[in-house]
Amino acid sequence: MTASFSNLSLAEPLARAVAEMGYESMTPIQAQAIPVVLTGKDVMGAAQTGTGKTAAFSLPLLQRLLKHENTSTSPARHPVRALVLLPTRELADQVAQQIKLYAKYTQMRSAVVFGGMDMKPQTLELKRGVEILVATPGRLLDHIEAKNAVLNQVEYVVLDEADRMLDIGFLPDLQRILSFLPKQRTTLLFSATFSPEIKRLAGSYLQDPITIEVARPNQTASTVEQRFYAAQDDDKRRVVKAVLNERGIKQAFIFVNSKLGCGRLARSLEREGLKTAALHGDKTQDERLKALEAFKQGEVDLLVCTDVAARGLDIKDVPAVFNFDVPFNAEDYVHRIGRTGRAGASGLAVTLVSPSDTRLVSDIEKLIKTKLEVENYPLEDDRSRGNANDGRRDDRREDRRDDRREERRPERGFDRGSDRGFDRQRDNEESRDRRSSFRPAQASRDPFFEKPYEAPTAEQASAASWEASAKTVASRPGLSANIKPKRKVAALFKAGE
Ligand code: AMP
């Protein structure tokens, strides 16, 4: 049976907005999370972007905040009541846009702040007062330090894509931000995986969370045709083009493991007459949004991206995904190919495997528990290969020239220093760049990925926090010092309200 939004008794303005969005039934994460969030309980949700998780947390959150709704022009009447933290600007922008749509018939104000943009317009918006603030951690801290954002009345905090925030190195920023929030609050944490680090984060900042899991990260959709083709690095572009031609595919994502490789590949494909854009952490916000928009509008056919830059982009129905590089982390394979074959549509995922990638492919096999066959992709005969080789030498010369040009590029027109998240993301990708030159010896093996993904037991989920050994005294036994017990409220949400 599909769960309908009408069973939720959402307030009329929210129900109207949902109806206008054309949603017919709730997605699994919505069906499970909305009733729980409506009770004010903390939630630890394993769900990826694309599952409808934004509505899963924002609809109940808006519903519970409606009691504060007012039309006053005084900023004091519009303090920040809900804070939504995300790892990247694109995600923050997407989530903020969705929240605006859900809140459109209410008086609730929302705003988004992220780095790479002028702080002034964000400051003006914050000073006017907003109830729901969506932010990336680095820029939020800048606004907190500048006293533009006051968070002492926050009732809800959402840590969205928490695993990616930790990957990027946002933990210290998150800890600082959380220290500014009232301890009595509802905390919702969403993550694609429940790694030990995520469990520790939850143990420190969530109170008796309800665990909700809808999509196990080792699952790949059965609607995706997965192909693994053996290819030398120099042949990979030709395989991509041949597959596109053979299958008549117009648009695709092409994943690479490094920023440098990303720019290079995009330029080569562009030189070969394919409409291509690159998406990686070194691109300015403006460049990234433009690339995305161009892809959505069909002005760009191939979007070459790194994992960090592509995570969570709300682009549906990509007919094909290419792994130009086999990802270092098997879970990234699942995320990457999850971009195609969504919502029952059929999709194609092609992974190009060079001889040094055997180990990485076997990591993927272990994770998805499927035996993978690496096939040969028949390319043209040797004669045409000879010509292509000449072309490849030219390309390599061009690449080196382009790389030098990129290195000389002036600093971009925004304050990088204040864009901590962006810098973290870039650092992260830079470390991937560095790793890429040392392949295939993978120093960064994580024993967590040696075993298939298992959902955490309730016991594990409430494992002792990393602060257990710290000197701070918990407010009651079993609770982290970061948490105050919630007040018991008899009827938080009445049906038909
Ligand atoms: P999210 O996972 O929150 O990023 O949502 C992914 C996409 O699914 C967004 O474009 C939403 O507008 C859409 N969406 C969310 N909930 C539903 C629903 N119940 N039915 C259909 N589409 C939805």
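The coordinates are above.
Residues numbered from 1 in each chain as written. Predicted model: local features only at pLDDT ≥ 70, side-chain atom pairs only at ≥ 80, totals over all residues.

1. Some points on the overall build of the chain
Of the regular secondary structure elements, the chain holds 18 helices and 14 strands. Sorting the 497 residues of the chain into buried and exposed places 46% on the buried side. Excluding contacts between residues fewer than 6 apart, the proportion of contacts in the chain whose partners are at least 24 apart in sequence is 78%. (Helix = DSSP H or I, 4+ residues; strand = E, 2+ residues; numbered from the N terminus. Buried ≥ 20, exposed ≤ 12 C-beta atoms within 10 Å, placed from the backbone. Contact = placed C-beta atoms within 7 Å.)

2. Thoughts on helix α6 (residues 137-145)
Burial of α6 is extensive: seven of the nine residues sit out of reach of the surface. For α6, the set of buried residues is Pro-137, Gly-138, Arg-139, Leu-140, Leu-141, Asp-142 and His-143. Count one or two residues on from α6 and you reach Lys-147, which has phi positive near 60°.

3. Quick notes on the site of the ligand
In the vicinity of the ligand, 12 residues are found, and the nearest of them are Tyr-23, Thr-49, Gly-52, Thr-54 and Ala-55. Take the shell around the ligand: its biggest share by element is three residues, from helix α3 (residues 53-65). (Near = placed C-beta within 6 Å.)

4. Thoughts on unusual backbone geometry
One non-glycine residue, Ser-9, adopts positive backbone phi at about 55°. Of note, the phi angle at Lys-147 is positive, near 60°, even though the residue is not glycine. Turning to its location among the elements, Lys-147 is positioned in the loop between α6 and β5 (156-159). Here Lys-147 falls in the exposed class, since 10 other C-beta atoms lie within 10 Å of it.

5. Regarding the pairing of strand β3 (residues 110-113)
Put simply, side chains in a regular strand alternate between the two faces of the sheet. Residues Ser-110 and Val-112 of β3 are buried on one face, and the alternating residues Ala-111 and Val-113, pointing to the opposite face, are buried as well. Pairing analysis gives four bridges linking β3 to strand β4 (residues 132-135), with the strands arranged parallel. Its bridge partner being in β4, Ser-110 is matched across the sheet by Ile-132. Note on the crossover from β3 through helix α5 (residues 119-128) to β4: the handedness is right-handed. (Pairing = 2+ DSSP bridges. Right-handed = clockwise from strand over helix to strand, strands pointing away.)

6. Focus on helix α11 (residues 259-271)
For α11, which comprises 13 residues, the first-to-last C-alpha distance of 18 Å matches the rise-based estimate of 18 Å (1.5 Å per residue) to within 8%. With 11 of 13 residues buried, α11 is to be regarded as a mostly interior element. Along α11, the residues classified as buried are Lys-259, Leu-260, Gly-261, Cys-262, Gly-263, Arg-264, Leu-265, Ala-266, Arg-267, Ser-268 and Leu-269. At the exit of α11 stands Gly-273, carrying a positive phi of roughly 90°. (Expected span 1.5 Å × (residues − 1).)

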